[in-house]
Amino acid sequence: MVKNKDINKFFKNIEKDMKSHVNKELLNTTHEIECPECKKKRKIKFKNGKGKCKYCGSTINLDLNFKK
Ligand SMILES: [Zn+2]
């Protein structure tokens, strides 16, 4: 017999894994966002949440809460 407590723990771990996976994907992908410097929509490639506008060279920190 399987204990309920163990099942809950099991699902909690899956949820945790999925969330961190999603964040990782978001932090290492290309986003089309407005560059704070040139005020134009640019495709910025992000790595670990940091991207660089190749037009003006400004560093952009990816805000994961930008989809409010
Ligand atoms: Zn720019």
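The structure under discussion appears in the preceding block.
Here we summarise the structure given alongside this text. Everything numeric here is computed off the predicted structure, so don't read it as measured data.

1. A few points about the sheet that holds strand E4 (residues 59-61)
Okay, step 1: On the basis of which strands lie adjacent, the open sheet formed by four strands has the order E1-E2-E3-E4 and antiparallel pairing. With one partner strand each, in any of the chains shown, strand E1 (30-34) and E4 form the two edges of the open sheet. Between one strand and the next, the sheet's axes are offset by a mean angle of 40 degrees, whatever the strand orientation.
Okay, step 2: Summarising the sheet, E1 and strand E2 (residues 41-47) pair through five bridges and their orientation is antiparallel. Across the sheet, threonine 30 pairs through a bridge with lysine 45, a residue of E2.

2. Brief notes about the pairing of E2
Okay, step 1: Across the two faces of E2 the burial differs, with Arg42, Ile44 and Phe46 buried and Lys41, Lys43, Lys45 and Lys47 not buried at all.
Okay, step 2: Connecting E1 to the next strand, E2, in antiparallel fashion are six residues, including lysine 39 with a positive phi near 55 degrees.
Okay, step 3: Strand direction decides the pairing type here: E2 and strand E3 (residues 50-52), joined by two bridges, are antiparallel. Paired with lysine 47 across the bridge in E3 is lysine 50.

What counts, and where the lines are drawn
- Residues numbered from 1 in each chain as written.
- Predicted model: local features only at pLDDT ≥ 70, side-chain atom pairs only at ≥ 80, totals over all residues.
- Heavy atoms only, no water.
- Pairing = 2+ DSSP bridges.
- Helix = DSSP H or I, 4+ residues; strand = E, 2+ residues; numbered from the N terminus.
- Axes fitted to C-alpha atoms, helices over the stretch in contact; angles between N-to-C directions.
- Buried < 20%, exposed > 50% of the residue type's maximum accessible area, 1.4 Å probe, protein only.

All quantities given are derived from atomic positions and should not be read as evidence of function.
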